[in-house]
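# Survey of secondary and tertiary structure
Chain by chain, the residues:
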Amino acid sequence: RFLHTTRDQLGVSDAAVVNERNLLRSNAPDDLRPGLTPEQKWIIEEARLATAAARDALDHFSFSEFALVLHEFIWRKFCDWSIEFCKVRTQSSKHDEALRALAVNYSVMGIIVRLAHPLMPFVTEEVDETIPGSAGVPWPASSIMRVPFQRAEKLIAFPGAQAEFSPVMDLI
């Protein structure tokens with residue numbers, strides 16, 4: 001499902017998206033953060049929390065917990081919610097809004113690829129090759145196998161994002 005989802009998202013790509021992708025790094029300029037919508041902040045925060053939980057599971061050799069964390073984040077949060085909201089934003093008449101939505105989803109896809117690589121290396125390698133700069137290296141200069149495992153502290157945090165976005169999820 002993730003492979004098909006990424007292919008679907010990449011079908012609406014734009015070259016300017018690659019420049020927008022830097023907004024997920026913890027040292028991103030503060031002027032990029034205010035433009036994020038509540039659902040974008042929510043998925044970024046969920047990605048950070050999933051990264052921390054996945055890393056903790058691996059550190060404790062709890063591979064079933066690691067797989068569960070990835071499944072919950074990829075299917076229940078990213079594919080079910082973030083992708084659907086991104087579709088709405090990319091159909092918007094506001095080009096900047098569409099680019100920002102795609103940039104956030106591409107960045108989250110890059111995080112997912114790095115997290116899921118130990119579990120499904122062939123799928124993540126293929127997806128990584130199609131997402132420009134997803135592993136934080138010049139595209140397609142390197143393989144994801146050479147990239148360090150994702151770290152939660154390297155991602156920006158939006159602690160209030162879950163409380164802000166949960167009423168929308170409850171409504172839907």
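Scroll up for the structure.
First, a word on scope: everything that follows refers to the structure included in this document. Note that this is a predicted model, so its numbers are computed, not measured. Within each chain, residue numbers correspond to sequence positions counted from 1 in written order. Per-residue local features are limited, in this predicted model, to residues with pLDDT of at least 70; the limit for side-chain atom pairs, both in listing and counting, is 80 or more; totals at the level of whole chains, interfaces and linings are taken over all residues. Side-chain descriptors were evaluated using all non-hydrogen atoms of the structure, hydrogens and water having been removed beforehand.

This part is about the overall build of the chain. Strands are runs of DSSP state E lasting at least 2 residues, helices are runs of H or I lasting at least 4, and numbering of each runs from the N terminus. Per the secondary structure count, the chain includes seven helices and zero strands. Taken from N to C terminus, the helices and strands of the chain fall in the order α-α-α-α-α-α-α. Under the scheme applied here, a residue whose accessible area is under 20% of the maximum for its type counts as buried, over 50% as exposed, and between as partly exposed, the area being computed with a 1.4 Å probe on protein chains only. The buried share of the chain, taken over its 172 residues, is 44%. At a minimum sequence separation of 6, the contacts of the chain that also span at least 24 residues come to 75%. If you sum the accessible surface of the chain, you get close to 8900 Å²; carbon and sulfur atoms cover 56% of it. Should any heavy atoms of two residues lie within 4.5 Å, those residues are considered in contact. Each accessible area is a Shrake-Rupley result for a 1.4 Å probe, and residues are judged covered by the shown protein chains and nothing else.

With that out of the way, let us pick up the nonpolar core. To define a nonpolar core, start from buried Ala, Val, Leu, Ile, Met, Phe, Trp, Tyr and Cys residues and group those joined through side-chain atoms within 4.5 Å. If you look at the biggest cluster of nonpolar residues, it comprises 30 residues, and the most contacted ones within it are Ile 43, Ile 44, Phe 73, Ile 74, Phe 78 and Val 108. Elements with a minimum of two residues in this core: α3 (38–59), α4 (63–90), α5 (95–116) and α7 (161–171). For this core, the leading source of residues is α4, giving nine residues.

This paragraph deals with the environment of Ala 161. Tracing the backbone shows Ala 161 in helix α7. By relative accessible area, Ala 161 is classed as buried at 2%. Taking the C-alpha atoms as reference points, Ala 161 and Ile 43, 118 residues apart in sequence, are found 8.5 Å from one another.

Closest axis-to-axis distance for the α3/α7 pair is 9 Å, and the angle between their directions is 120°. Taken together, α3 and α7 sit at an angle that is classed as oblique. Of the two elements, α3 crosses α7, and the hand of that crossing is left-handed. Residues Pro 38, Glu 39, Lys 41, Trp 42, Glu 45, Glu 46 and Leu 49 of α3 form the contact with α7, whose own contacting residues are Ala 161, Gln 162, Glu 164, Phe 165 and Met 169. Here the residues of the contact of α3 with α7 sort into six nonpolar, one polar and five charged. Where helices are involved, their axes are fitted lines through C-alpha atoms of the stretch in contact, as for all axes, and angles between N-to-C directions lie from 0 to 180°. For classification, angles of less than 35 degrees are called roughly parallel, those exceeding 145 degrees roughly antiparallel, those between 65 and 115 degrees roughly perpendicular, and all remaining angles oblique. Crossings are sorted by hand: turned counterclockwise from the far helix by less than a right angle, the near helix makes the crossing left-handed, and turned clockwise it makes it right-handed. Residue classes follow a fixed rule: Ala, Val, Leu, Ile, Met, Phe, Trp, Tyr, Cys and Pro count as nonpolar, while Asp, Glu, Lys and Arg count as charged, and any other residue, Gly among them, counts as polar.

Looking at the element boundaries, Thr 51 is found in helix α3. As used in this structure description, the phrase polar contact means that two N or O atoms lie within 3.5 Å; if the pair is within protein, one of them must be able to donate a hydrogen and the other to accept it, and residues adjacent in sequence are counted only when both atoms belong to side chains. There is a polar contact of 2.7 Å between the side chain of Thr 51 and the backbone oxygen of Ala 47. For Thr 51, the residues in contact, after removing those within four places along its chain, are Ile 111, Leu 115, Gln 150, Arg 151, Ala 152 and Leu 155.

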